[in-house]
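# Descriptive analysis of the structure
Single-letter residue listing:
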Amino acid sequence: MAVVLRHRWVLALWVLRLACAPWAFGESAGFQRILTVGLRDPVILGIAVSKGDVTIGYSRDGEVSISASARDAAGKSWPIEFFESRFNIEQEENHITIRNSPNANYPDPTAVSISYKVGVPFRTEVSSTISGTGRQIIVGITGPARVVTSIGDIEASHVRFGLLRARTGKGNISCTRVAQVEAETGSGNITLLEDGPSTATVEKGLGRLEVSGARGRFEGSTDKGEIHIKAVLYDDWQLKSRSGNIRIELPPGVKFEADVATNSGELSVERADMEKPNAAARQCHQNVNGGGKRIQARSDAGNISIE
């Protein structure tokens with residue numbers, strides 16, 4: 001009984017936190033619409049817009065709330081007619097699509113700041129694409145979710161059950177307490193906090209990977225940026241950087257297999273339960289505390305440290 005009450009209390013706090021989120025729908029907006037949806041099936045939400053910031057988050061079951069606003073360079077709000085002529089919403093039962101009209105032309109696209117906010121039931125699947133510039137935020141849904149932005153950051157938290165696929169051509173990606181993650185940025189940083197099985201790729205540049213509390217298998221790669229992972233080892237890790245450093249932090253006493261190598265960088269071990277490699281070593285393969293899950297780390301020119 002105590003366990004049930006505790007779980008209910010945690011859920012209540014989580015819902016309260018979502019209800020107080022900055023995208024809550026008490027804000028005024030240039031365009032607003034509420035769609036009724038069924039309770040039996042999940043909502044399937046598709047968004048395709050050319051620019052603007054998109055926020056999708058839990059609001060309430062049984063409805064989808066849509067709001068949109070736009071401001072010019074001077075901060076003046078655009079009228080509702082701005083969206084009525086450039087904005088399509090279609091609904092077929094629990095399938096909802098939101099997109100720009102095929103012939104939508106903005107008077108001066110560079111001078112218009114657009115924001116879309118969509119409140120959804122918890123059981124929602126998402127496919128959201130911004131073909132130009134814009135930030136995307138996903139909060140408090142079951143998933144799965146596919147989120148794509150050409151230029152802009154992506155943030156996701158509490159995607160509880162489905163896979164999150166996040167891709168930005170240029171921008172940062174941040175995921176917190178997501179069941180499963182596939183994150184990729186052409187140029188930018190990726191931060192993963194307390195996520196399930198994950199892959200993360202920084203294609204080029206100095207973008208780094210920061211991973212804390214990994215709760216499953218992890219595969220990460222960078223170009224010139226650092227990889228830093230600090231977590232309990234639940235499953236195998238595979239880390240690769242062309243010229244960036246790789247830093248691995250594990251709790252004391254953990255059992256694991258270390259398989260690390262660098263072509264021209266340095267290896268360092270700062271753990272009492274591991275043998276320290278000599279200064280000239282470029283490879284290290286040890287079964288630590290009897291061995292266990294495997295950590296494979298490779299860098300062409302970066303340093304690798306295990307702490």
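The preceding data block contains the structure.
These figures come from a predicted structure and were not determined experimentally. (Residues numbered from 1 in each chain as written. Predicted model: local features only at pLDDT ≥ 70, side-chain atom pairs only at ≥ 80, totals over all residues. Heavy atoms only, no water.)

## A few points about the overall build of the protein chain
- The secondary structure content of the protein chain amounts to 2 helices and 26 strands.
- Here the protein chain, with 307 residues, has 47% of them falling under the buried criterion.
- Counting contacts in the protein chain only where the partners sit at least 6 residues apart, residues at least 24 apart contribute 44% of the total.
- Summing over all exposed atoms, the protein chain offers an accessible surface of approximately 15,300 Å²; the carbon and sulfur share of this is 50%. (Helix = DSSP H or I, 4+ residues; strand = E, 2+ residues; numbered from the N terminus. Buried < 20%, exposed > 50% of the residue type's maximum accessible area, 1.4 Å probe, protein only. Contact = heavy atoms within 4.5 Å. Areas by Shrake-Rupley, 256 points an atom, 1.4 Å probe, with all protein chains shown as cover.)

## Observations concerning the pattern of salt bridges
- One pass over the full model with this rule turns up 19 salt bridges.
- Among the ionic pairs, glutamate 219 bridges to arginine 217, the shortest N-O distance being 3.6 Å.
- Given a relative accessible area of 28%, arginine 217 falls into the partly exposed group.
- With its nearest N and O atoms 3.8 Å apart, the salt bridge here joins arginine 294 to glutamate 257. Placement of arginine 294 in strand 25 (residues 293-299) and of glutamate 257 in strand 22 (residues 256-262) is noted, with a sequence separation of 37 residues between them.
- Accessibility expressed as a relative area gives 19% for glutamate 257, which makes it buried.
- The network of salt bridges with common partners includes Glu257, Asp259, Arg294 and Arg298. (Salt bridge = Lys/Arg side-chain N within 4 Å of Asp/Glu carboxyl O.)

## Topic: the side chain of asparagine 94
- Mapped onto the elements, asparagine 94 comes out in the loop between strand 5 (87-92) and strand 6 (95-100).
- Here the side chain of asparagine 94 touches glycine 38 through a polar contact of 2.8 Å, landing on its backbone nitrogen. (Polar contact = N/O pair within 3.5 Å; in protein donor to acceptor, adjacent residues only side chain to side chain.)

## Brief notes about the pairing of strand 19 (residues 227-230)
- Two elements, strand 17 (residues 209-212) and strand 19, share 4 bridges in a ladder whose sense is parallel. Within the sheet, the bridge partner assigned to serine 212 lies in strand 19 and is lysine 230. (Pairing = 2+ DSSP bridges.)

## Details of the side chain of threonine 222
- Positionally, threonine 222 belongs in strand 18 (residues 218-222).
- Exposure remark for threonine 222: the relative accessible area of 7% places this residue in the buried category.
- Polar contacts involving the side chain of threonine 222 include one to the side chain of serine 241, which spans 2.8 Å.
- If sequence neighbours within four positions are ignored, threonine 222 has contacts with Val202, Gly207, Leu209, Ile227, Lys240, Ser241 and Arg242.

## Observations concerning the nonpolar core
- Leu45, Trp237, Ile248 and Phe256 are the most contacted members of the largest nonpolar core, which totals 70 residues.
- The residues touching isoleucine 248, leaving out its near neighbours within four places in the chain, are Ile229, Trp237, Leu239, Ile295, Ala297, Ser305, Ile306 and Glu307. (Core = buried A, V, L, I, M, F, W, Y, C linked by side-chain atoms within 4.5 Å.)

## Here's the deal with the environment of valine 288
- Take valine 288: it is sitting in strand 24 (residues 283-288).
- Expressed as a C-alpha distance, the spacing of valine 288 and methionine 274, which sit 14 residues apart in the sequence, is 6.4 Å.
- In this view, valine 288 contacts Val254, Lys255, Phe256, Asp273 and Met274; residues no more than four positions away in its chain are not counted.

## So, the packing of aromatic side chains
- Taken as a whole and judged by the stated rule, the model has 3 aromatic pairs.
- Judged by centre distance (5.3 Å) and plane angle (85°), the ring pair of phenylalanine 31 and phenylalanine 87 falls under edge-to-face. With phenylalanine 31 in strand 1 (residues 31-36) and phenylalanine 87 in strand 5, this pair connects stretches of sequence that are 56 residues apart.
- A relative accessible area of 7% places phenylalanine 87 in the buried class.
- When the centroid spacing of 6.3 Å and the interplanar angle of 70° are considered together, the rings of phenylalanine 122 and phenylalanine 161 count as edge-to-face. Residue phenylalanine 122 is found in the loop between strand 7 (113-120) and strand 8 (124-133), and its partner phenylalanine 161 is found in the loop between strand 11 (154-159) and strand 12 (163-170); the two are separated by 39 residues along the sequence. (Phe/Tyr/Trp six-rings, centres within 6.5 Å; stacked < 30°, edge-to-face > 60°.)

## What about the environment of threonine 142?
- Summarising the element assignment, threonine 142 is placed in the loop between strand 9 (136-141) and strand 10 (145-151).
- On the basis of relative accessible area, threonine 142 is assigned to the buried category, the value being 10%.
- For the pair threonine 142 and phenylalanine 122, spaced 20 residues apart in sequence, the C-alpha separation works out to 6.0 Å.
- Each residue touching threonine 142, except ones within four places of it in the same chain, is listed here: Phe122, Arg123, Thr124, Val159, Arg160, Phe161 and Gly162.

## Some points on unusual backbone geometry
- For the bond running from glycine 143 to proline 144, omega is 5°, close enough to zero to count as cis.
- The residue proline 144 is located in the loop between strand 9 and strand 10 in this model.
- Residues other than glycine seldom take positive phi values, yet arginine 177 does so here, at roughly 55°.
- With respect to the helices and strands, the residue arginine 177 is situated in the loop between strand 13 (173-176) and strand 14 (180-185).
- The phi dihedral of asparagine 289 is positive, around 55°, even though this residue is not glycine.
- Summarising the element assignment, asparagine 289 is placed in the loop between strand 24 and strand 25.

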